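Structural characterization, general
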Amino acid sequence: MKFCYCPDCKDLQPTAWYRRKECKLCGGKCRIISVPLYYYGAAMYALSAVGAFLVGAEILRYDLGLGDLRLYLMFGSLILAMVFAALETARAVEIAQKKVGKVL
Ligand SMILES: [Zn+2]
């Protein structure tokens, strides 16, 4: 996960690789803080993949032999993926803030 830190505004914003490295507030150049993906992020991707697979099987009417369990798994994995995404973001923000604190 990447963050954009503006030393002028003291503003820390999550950013994506395709976004321009500019501060949203003042338009100045910001420093990129990278936080490596952690277990939460890996779990999020894994659960999203499971959820997407189950949804795909459902759309194609492919019988996985799970009965009603597939519905619980489908929603369960997608909801858990969201929970892990939130945990990952919260953790990454904390680390980015610590990194910024160290640098300054
Ligand atoms: Zn700024």
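Residues numbered from 1 in each chain as written. Predicted model: local features only at pLDDT ≥ 70, side-chain atom pairs only at ≥ 80, totals over all residues.

It is worth spelling out the domain arrangement of the protein chain at this point. Each assigned domain of the protein chain is listed with its residue range as follows: domain 1 (1–34) and domain 2 (37–104). A straight line from the C-alpha centre of domain 1 to that of domain 2 covers 26 Å. Across the boundary between the two partners, domain 1 contributes five residues, which contact six residues of domain 2. For the side of domain 1 that touches domain 2, the per-class residue count stands at five nonpolar, no polar and no charged. (Domains from an automatic or database assignment. Contact = placed C-beta atoms within 7 Å. Nonpolar A, V, L, I, M, F, W, Y, C, P; charged D, E, K, R; others polar.)

Now for the sheet that holds strand S2 (residues 11–15). If you walk across this open sheet you meet the three strands as S2-S1-S3, and the pairing is antiparallel. Among the strands making up the open sheet, the edge pair consists of S2 and strand S3 (31–34). Sheet twist, expressed as the average angle between the axes of neighbouring strands with direction ignored, equals 30 degrees. In this sheet, S3 lies alongside strand S1 (residues 2–6) in antiparallel orientation, the contact comprising four bridges. Counted as the bridge partner of cysteine 4 is isoleucine 32 from S3. (Pairing = 2+ DSSP bridges. Helix = DSSP H or I, 4+ residues; strand = E, 2+ residues; numbered from the N terminus. Axes fitted to C-alpha atoms, helices over the stretch in contact; angles between N-to-C directions.)

Our focus in this paragraph is the nonpolar core. Generally speaking, soluble globular proteins have nonpolar side chains that are buried together. Judged by nonpolar contacts, Phe3, Cys4, Tyr5, Cys30, Ile33, Val35, Ala92 and Ala96 together constitute the single largest core of eight residues. Elements with a contribution of two residues or more to this core: S1 and helix H2 (69–103). Element by element, the count of residues in this core is highest for S1, at three residues. Each residue touching isoleucine 33, except ones within four places of it in the same chain, is listed here: Phe3, Tyr5, Ala96, Lys99 and Val100. (Core = buried A, V, L, I, M, F, W, Y, C linked by C-beta atoms within 7 Å. Buried ≥ 20, exposed ≤ 12 C-beta atoms within 10 Å, placed from the backbone.)

Right, let's get into the environment of tyrosine 40. Its location among the elements puts tyrosine 40 in helix H1 (residues 39–59). Exposure remark for tyrosine 40: the 18 C-beta atoms within 10 Å place this residue in the partly exposed category. For tyrosine 40 and threonine 89, which are 49 residues apart along the polypeptide, the C-alpha to C-alpha distance reads 9.0 Å. Leave out the neighbours within four places in its chain, and tyrosine 40 touches Phe84, Leu87, Glu88 and Arg91.

Let's shift gears to the environment of arginine 31. Secondary-structure assignment places arginine 31 in strand S3. In sequence terms arginine 31 and leucine 12 are 19 residues apart; their C-alpha atoms lie 9.4 Å from each other. Contacts of arginine 31, omitting those with residues within four sequence positions, involve Tyr5 and Pro7.

A word on unusual backbone geometry. Positive phi, normally seen in glycine, also occurs at lysine 10, with a value near 55 degrees. Locating lysine 10 in the fold gives a position in the loop between S1 and S2. The class of lysine 10 is exposed, set by 10 C-beta atoms lying within 10 Å. With a phi close to 55 degrees, arginine 61 is a non-glycine residue in the positive phi region. Topologically, arginine 61 is positioned in the loop between H1 and H2.

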